[in-house]
Amino acid sequence: MFSKDLFGKRLREIRKKNQETQQDLAAFLDVAKNSISEMENGKRTTTAEKIALICEHYRVSADYLLGLSDGLDPH
């Protein structure tokens, strides 16, 4: 089941693992830095298009990012 909290936690973990700041990810997605903070804190999500960009950028599956699976492998 989808959880904004788990989505945010995984987004933060993936971003930090890739040594990027919230500002780096915000610039990549063309959103405000506070949007990334709100996503990571489980207060909001984003569009399907931006989720796809995040998954491609960090090479993770959407299922993992959305909390629908435990595996990082996009295949």
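Here, the structure is the one placed above.
Before going into details, it helps to say that this report is about the structure given with it. (Residues numbered from 1 in each chain as written. Predicted model: local features only at pLDDT ≥ 70, side-chain atom pairs only at ≥ 80, totals over all residues. Heavy atoms only, no water.)

### Some remarks on the overall build of the protein chain
Spelled out, the test is: Helix numbering and strand numbering both begin at the N terminus, where a helix is a DSSP run of H or I of at least 4 residues and a strand a DSSP run of E of at least 2. In this description the radius of gyration comes from C-alpha coordinates, and the expected globular size is given by 2.2 Å times residues to the power 0.38. Each residue is placed in one exposure class: buried if its accessible area under a 1.4 Å probe, protein chains only, is under 20% of its type's maximum, exposed if it is over 50%, and partly exposed if it falls in between. The method behind every accessible area is Shrake-Rupley, applied with a 1.4 Å probe, and residues are considered shielded solely by the protein chains displayed. Charged residues are defined narrowly, with Lys and Arg counted positive, Asp and Glu counted negative, and His plus the chain ends left uncounted. Note on charges: their place is set at NZ of Lys, CZ of Arg, CG of Asp or CD of Glu.
Along the backbone of the protein chain there are five helices and zero strands. Across the protein chain, helices and strands are ordered from the amino to the carboxyl terminus as α-α-α-α-α. In summary, the protein chain has a C-alpha radius of gyration of 11 Å against a globular reference of 11 Å for 75 residues, a match within 12%. Viewed in the frame of its principal axes, the protein chain has a C-alpha envelope of about 30 × 20 × 20 Å. Across the 75 residues that make up the protein chain, the buried fraction comes to 35%. Per element, the accessible surface of the protein chain, about 4,700 Å² overall, is 49% carbon and sulfur. When the 12 positive and 12 negative side-chain charges of the protein chain are each reduced to one mean point, those points stand 6 Å apart.

### Quick look at the side chain of E40
Convention followed: Only heavy atoms matter for contacts: two residues are in contact if any of them lie within 4.5 Å across the pair.
Along the polypeptide, E40 turns up in helix α3 (residues 33-40). E40 has contacts with G8, K9, L11, R12, R15 and Q22, leaving out every residue within four places of it along the chain.

### Digging into helix α2 (residues 22-29)
Condition: Each direction from the helix axis to a C-beta atom contributes to the arc, which is the arc of those directions.
All of the buried residues along α2 are Q22, L25, A26 and L29. Projection of α2 onto a plane perpendicular to its axis shows the buried side chains occupying an angular sector of 100°, all on one side. Contacts made by the buried residues of α2 are with α1 (4-17), α3 and α4 (48-58).

### Re the environment of A27
As for its placement among the helices and strands, A27 is situated in helix α2. The exposed category is assigned to A27, whose relative accessible area is 54%. As a C-alpha pair, A27 and K16 span 11 residues in sequence and 15 Å in three-dimensional space.

Don't take any of this as a statement about function, it's just geometry.
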